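Descriptive analysis of the structure
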Amino acid sequence: MAVDWIGFSYAALVAVGGIVGYVKAGSITSLGAGLLFGLLAAVGAYLASQNPKNVWLSLGTSGTLATVMGLRFLSSWKFMPAGLMTLASGLMVAKIITGMLTRPHSS
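Because the structure is predicted, anything quoted here is derived from the model rather than measured. (Residues numbered from 1 in each chain as written. Predicted model: local features only at pLDDT ≥ 70, side-chain atom pairs only at ≥ 80, totals over all residues. Heavy atoms only, no water.)

**Here's the deal with the pattern of salt bridges**
Taken as a whole and assessed by the stated rule, the structure comprises one salt bridge. The salt bridge involving D4 is made with K95; its shortest N-O contact spans 3.4 Å. With D4 in the segment before α1 (5–25) and K95 in helix α4 (residues 79–102), the pair connects residues that are 91 residues apart, well separated along the chain. Residue K95 is classed as partly exposed on the basis of its relative accessible area of 32%. (Salt bridge = Lys/Arg side-chain N within 4 Å of Asp/Glu carboxyl O. Helix = DSSP H or I, 4+ residues; strand = E, 2+ residues; numbered from the N terminus. Buried < 20%, exposed > 50% of the residue type's maximum accessible area, 1.4 Å probe, protein only.)

**Some points on the packing of α1 against α4**
Relative orientation and spacing of two packed helices are given, respectively, by the angle between their axes and the distance between those axes. The interhelical angle for the contact between α1 and α4, taken along N-to-C directions, is 160°, at an axis separation of 11 Å. Taken together, the axis directions place α1 and α4 in an arrangement best described as roughly antiparallel. Handedness of the α1/α4 crossing: left-handed. Contact residues: α1 offers I6, G7, Y10, L13 and V14, while α4 offers M85, A88, S89, M92 and K95. Of the residues in the contact of α1 with α4, the class split is seven nonpolar, two polar and one charged. (Axes fitted to C-alpha atoms, helices over the stretch in contact; angles between N-to-C directions. Parallel < 35°, antiparallel > 145°, perpendicular 65-115°, else oblique. Left-handed = near helix turned anticlockwise from the far one by under 90°. Contact = heavy atoms within 4.5 Å. Nonpolar A, V, L, I, M, F, W, Y, C, P; charged D, E, K, R; others polar.)

See below:
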């Protein structure tokens, strides 16, 4: 079983982003959301590491963040933090979907 290093790195980025948002702006919401979504992304990466077909938590987490942060980016046009998280989450969604489409199917 291969470890989903990209998924764990994404989870760390999300969690650290929440912590940075709290430290810089004092945003409890940013801290809570960052830690919650970082935890969900880490659990999703763990599940995908155990069974490569079990990507639904990772897909849901990164898809939700891509949508929410994408809307924030479109309203503010500020790359940090909304643009960065939109980009990272969109790349995660693309990675997961590409993996789903290229994985050999068993009969």
